[in-house]
Amino acid sequence: MSARVFVPADSGALSVGAEQVARAILAEAEQRREPVTLVRNGSRGLYWLEPMVEVETRAGRIAYGPVRAEDVPDLFAAGFLSGHSHRLGHGLTDHIPYLAGQERLTFARVGLSEPLNLADYCEQGGFVGLRRALEMPPDALIREVTDSGLRGRGGAGFPTGVKWSTVGKAVAATKYVVCNADEGDSGTFSDRMLMEGDPYCLIEGMIIAARAVGAQEGYIYSRSEYPHAFAILASAIQRAREAGYLGPDILGTGQAFDLEVRLGAGAYICGEETSMLESLEGRRGLVRFKPPLPAISGLFGQPTVINNVMSLASVPVILAKGSAFYRDYGVGRSQGTLPFQLAGNIRHGGLVEKAFGLTLNELLYDYGGGSASGRPIRAVQVGGPLGAYLPESRFDVPLDYEAYSRIDAMIGHGGIVAFDDRVDMAKMARYAMEFCAIESCGKCTPCRIGSQRGVEIIDRIVAGRERSKNLILLDSLCDTMVNGSLCALGGMAPYPVRSALQHFPADFGIDTSGIAERERTETVPSRRI
Ligand SMILES: Cc1cc2nc3c(=O)[nH]c(=O)nc-3n(C[C@H](O)[C@H](O)[C@H](O)COP(=O)(O)O)c2cc1C
Ligand code: SF4
């Protein structure tokens, strides 16, 4: 009997040699005349073990990793095709604590089978949510999503059902659903992993959104750095169309909806929704004034639902299992799960989907295994390049939108980047301003000019030139950027700067010896933003 062997074709796995491993397995199997069926699955998200090879056995799938092409003959010799032990073995994949402790709703299927295999998708619960949605009136469908408590996973955390309701009520001949798959935040990869590992899940979520608001056309906007995701999505859309899930008459219901995937050149600002619309329409990614909201006048001036990949990919399970099932996960007004992404100086980097409410301590140590360098973790940036830098004293704050807002931080898209005790936080603060200056679309002065001045002021503070005066100036500049910027790029760049100053003043040359913590946070500019 042919052994089923899984080698991920996810870009993360490919970047560390999965393709060579797959070829080596086929070559070795042929030479040994041992029949092997090779399945190119998505990644299970245990990135420190990639390329992670799995073998199907009667007891379940057994994992080996990280496997290099040179390890393959040895694995065959050890009898890995029958799941025998080897120094690279980790036992049953589902029992690896990193996976076993997760609550995978959105990522339930990722890594289990070939991403483009439509039959596998259906067998694993795919399109159950869509079939239910097609039987529901749009109002009831929107209510189901509202009741689930789902909030936008792209950063702002806006309730998805409320957004859909606005588009649903708008009167227009043409409406659109646009998926924001730009994924520009540092340390984030959940959108890419899902698009590469379970593309039909996103497509299903978009069809449901279209049904809810009455849209006929949809776009997935991604970036040129995601060529694999693009190719897989384009192929999945084609297959879904051929199978009747997309097109003029979805599953014979008379509902029409079709989809296209588009690539931007990879500018951070093109992830901002109005800038993305400009780019989709063929212009430079420049932020639009609001109002009107895209829900009223979005793509080509028509009512448009814009949602992040994770928001849309959460919808099928909500429809399949019901809103009550989904909102049972999480805490307070942060309901459901979030696929957190562990990156930076972390031993076990990867994807951890958990209900809201766990802490950074759990993510960094129980899952992440501490820093990769073995040194103490000193700071963590949560929520991308505009997120606050958090010190160890904040690692026990529950990850929920409101609790994070109370500490002037944000969860954003769930990216978590760890730094050890060698990090220079003044450099990181400077980098936040520099990043804003580089990525600014240039439309408004506080961001375009303010970020450049911010870099210069931080340089003067660090050099000890008129430090007190420059600290006051920096605080005032941050206020101007927060209150006067047109979008959150300029409006939130002060978050990492102020948090670095507040929690790590010594890195800026500020002497706080003998000052109690409470006084210190008042000495250094740290107004709420
Ligand atoms: C500078 C900037 C970059 C952004 N980048 C992204 C992005 O890469 N992906 C994303 O989904 N949202 C991004 N957003 C948020 C979007 O503007 C928008 O809120 C989101 O796509 C709405 O979807 P959601 O409600 O499902 O979160 C960005 C916002 C700003 C200000
Ligand atoms: S804040 Fe920056 S990125 Fe946003 S509109 Fe203004 S200049 Fe453009």
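Residues numbered from 1 in each chain as written. Chains lettered and ligands numbered in written order. Predicted model: local features only at pLDDT ≥ 70, side-chain atom pairs only at ≥ 80, totals over all residues. Heavy atoms only, no water.

An unreviewed UniProt entry annotates the protein chain as NADH-quinone oxidoreductase subunit F originating from Thiocapsa rosea. As its UniProt record puts it under Sequence similarities (unreviewed entry), the protein chain is described as follows: "Belongs to the complex I 51 kDa subunit family." (UniProt positions renumbered as here; feature names shortened; annotations may be inferred.)

### As for the nonpolar core
Trp-164, Leu-202 and Ile-220 are the most contacted members of the largest nonpolar core, which has 62 residues in total. Leave out the neighbours within four places in its chain, and Leu-202 touches Cys-179, Leu-194, Met-195, Ile-220, Leu-233, Val-309 and Leu-312. In this structure, Met-410, Met-433, Cys-447 and Ala-493 belong to the second largest nonpolar core, which totals 41 residues. (Core = buried A, V, L, I, M, F, W, Y, C linked by side-chain atoms within 4.5 Å. Buried < 20%, exposed > 50% of the residue type's maximum accessible area, 1.4 Å probe, protein only. Contact = heavy atoms within 4.5 Å.)

### Points about the site of ligand 1
Neighbouring ligand 1 are 19 residues; Gly-154, Lys-163, Asn-307, Asn-308 and Ser-311 lie closest to it. Between ligand 1 and Asn-308 there is a distance of 2.8 Å, counted from an oxygen atom to a side-chain nitrogen or oxygen. Contacts to ligand 1 include Ser-311, whose side-chain N or O atom sits 2.6 Å from an oxygen atom. Of all the elements in the fold, those that place two or more residues in the shell around ligand 1 are strand S9 (304-308) and helix H21 (488-492). No other element matches the three residues that S9 contributes to the shell around ligand 1. In the shell around ligand 1, the residues fall into five nonpolar, eight polar and six charged. (Near = heavy atom within 4 Å. Polar contact = N/O pair within 3.5 Å; in protein donor to acceptor, adjacent residues only side chain to side chain. Helix = DSSP H or I, 4+ residues; strand = E, 2+ residues; numbered from the N terminus. Nonpolar A, V, L, I, M, F, W, Y, C, P; charged D, E, K, R; others polar.)

### A short note on the sheet that holds strand S3 (residues 53-57)
If you walk across this open sheet you meet the five strands as S2-S1-S3-S4-S5, and the pairing is mixed. Either end of the sheet is taken by a strand with one partner, and the two such strands are strand S2 (36-39) and strand S5 (89-92). Taken over all neighbouring pairs, the strand axes of this sheet differ in orientation by 25 degrees on average, direction set aside. Alignment of S3 against strand S4 (residues 60-64), held across five bridges, turns out to be antiparallel. For Glu-56, the partnering residue across the bridge sits in S4 and is Arg-61. (Pairing = 2+ DSSP bridges. Axes fitted to C-alpha atoms, helices over the stretch in contact; angles between N-to-C directions.)

### Quick look at the pattern of salt bridges
Summed over the entire model, instances satisfying the criterion amount to 34 salt bridges. Between Asp-258 and Arg-241 there is a salt bridge; the shortest N-O distance is 3.0 Å. Pair noted here: Asp-258 is in strand S8 (residues 258-264) and Arg-241 is in helix H11 (residues 227-242), with a separation of 17 residues, a long-range link. In this structure Asp-258 comes out as partly exposed when scored by relative accessible area, which is 25%. Classification of Arg-241 by relative accessible area gives partly exposed; the value is 31%. Its salt-bridge partner being Glu-434, residue Arg-430 comes within 3.7 Å of it at the nearest N-O pair. With Arg-430 and Glu-434 both in helix H17 (residues 425-439) and four residues apart, the pair spans about one turn of that helix. For Glu-434, a relative accessible area of 32% gives the class partly exposed. Linked through salt bridges whose partners overlap, the residues forming this network are Arg-44, Glu-54, Arg-61 and Asp-94. (Salt bridge = Lys/Arg side-chain N within 4 Å of Asp/Glu carboxyl O.)

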